[in-house]
Amino acid sequence: MSDQFRLETHLADGAPTSPTRGLTYPCGDLPAPGQAIEVAPGVLWLRLPLPMTLDHINVWALADGDGWMIVDTGLRTPASVEAWDAALAGPLAGRPVTRVLCTHMHPDHIGLAGWLCERFDAPLLMSRLEYVTGRMLVADAGPAPEDGASFYRRAGWTPEQIDRWRKGYGMFGKAVAPLPTAYQRVREDDRLTIGGETWRIVVGDGHSPEHLCLWREADGVFISGDQILPKISSNISIWPTEPDADPLGDWMASLARLRALLPDDLLVLPSHGEPFTGVHARLDALMRGHETALKRLRRTLKTPRRAVDVFPALFARPVGDSVLGMATGEALAHLNYLNTKGQATSRIDDEGVVWWSLKAETAT
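As a starting point, this report considers the structure included with it. (Residues numbered from 1 in each chain as written. Predicted model: local features only at pLDDT ≥ 70, side-chain atom pairs only at ≥ 80, totals over all residues. Heavy atoms only, no water.)

## Here's the deal with unusual backbone geometry
Positive phi, close to 70°, is recorded for D72, a residue that is not glycine. Looking at the element boundaries, D72 is found in the loop between β4 (67–71) and α2 (78–89). D72 gets classed as buried once you look at its relative accessible area, which sits at 1%. The phi dihedral of D189 falls on the positive side, at around 70°, and the residue is not glycine. The topology assignment puts D189 in the loop between β7 (184–185) and β8 (191–194). In this structure D189 comes out as partly exposed when scored by relative accessible area, which is 36%. (Helix = DSSP H or I, 4+ residues; strand = E, 2+ residues; numbered from the N terminus. Buried < 20%, exposed > 50% of the residue type's maximum accessible area, 1.4 Å probe, protein only.)

Structure (structure tokens):
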């Protein structure tokens, strides 16, 4: 799988992570592909394979009258289609899909949304920014734009690495079945009635532009998507389409808002890893992990560095070409964050490469 796809997933084992003390995992065994486990009344947990280090995605089937509302869909691969066929005929009992909701637009979440919607004539529910961004990226085929090449050159990529990026450009769309040309918009604080139960929409930010979470307040079930994961930190990255963005600032603010909003006794249903309890401990750990990474980054920037030079300050393992796009995006997100806070500055050399430095008055 090329880097062009990987940069929309997660830098598993590489993004800043923190210990998961205070978490419990109450749901027992993992569901095999094509099988399902009921984790709460009317909520089935399905697990689909991914062809990468992060080897699975959790999707959810919510009892919805005579059928099922599906939350997230997996990647467009033969293995995922096979697992869906088995699940639909088996634990989903041949009942139809009534609606499909995608938490956000990354390929492992929307990859089979169009396939399911077409198969069952079911509507697609997404937030506006996620739907529009997903449609844009699916349609974004080659040739690779020169702005993107310049973006990665500024970060310190070699000509060979840029050539590999060019060759892999457009892989996003190949991992996603054609999306429906119409959708139903879902927004912050909307209430969806699913199977007679009310689910509140909570929107997160940073990992993707308008990420949806679903909260059944009556019994404390919270579908978190990639906004809260139990054992890895979601990739927070800068991409060539918005090079001056501050997604890490958005992410930290979003985590703080969730910490204030959510009660600690939720059953959290994440997109990767296992269902867990202890959401306050996990949110605290995610914020603490990035603060620790930023502290290391400030020390590193006492000497001018390119984006590719700061990987050791941020990641716990070497960064190879297979995750270079993600690592670069995450490094730039941390550098832009420090720049936004007035703690770092940058200059461009004669070869068009950006060098980052700590401002002299910044404490480390």
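## Some words on the environment of V176
Looking at where V176 falls in the secondary structure, it is placed in the loop between α8 (171–174) and β7. On a C-alpha basis, the gap between V176 and Y25 in space is 31 Å, while along the polypeptide they are 151 residues apart. For V176, the contacting residues outside a window of four places in its chain are R76, P107, I110, G111 and V138. (Contact = heavy atoms within 4.5 Å.)

## Considerations on the packing of helix α9 (residues 247–261) against helix α10 (residues 279–300)
One can describe the packing of α9 onto α10 by two numbers: an axis separation of 9 Å at closest approach and a directional angle of 155°. Here α10 runs roughly antiparallel to α9, going by the angle between their axes. Where α9 crosses over α10, the two elements pack in a sense that is left-handed. Listed contacts from α10 to L248, W251, M252, L255, A256, L258 and R259 of α9 are H280, L283, D284, L286, M287, H290, E291 and L294. Residue composition of the contact of α9 with α10, by class: ten nonpolar, two polar and three charged. (Axes fitted to C-alpha atoms, helices over the stretch in contact; angles between N-to-C directions. Parallel < 35°, antiparallel > 145°, perpendicular 65-115°, else oblique. Left-handed = near helix turned anticlockwise from the far one by under 90°. Nonpolar A, V, L, I, M, F, W, Y, C, P; charged D, E, K, R; others polar.)

## Here's the deal with the sheet that holds β4
Pairing is mixed in the open sheet, where seven strands are placed in the order β1-β2-β3-β4-β5-β6-β7. Whereas interior strands pair on both sides, the edge strands pair on one side only; in this sheet they are β1 (37–40) and β7. Sheet topology note: the β4/strand β5 (residues 97–101) ladder contains four bridges and is parallel. Bridging from a neighbouring strand, W68 pairs with V97 of β5. (Pairing = 2+ DSSP bridges.)

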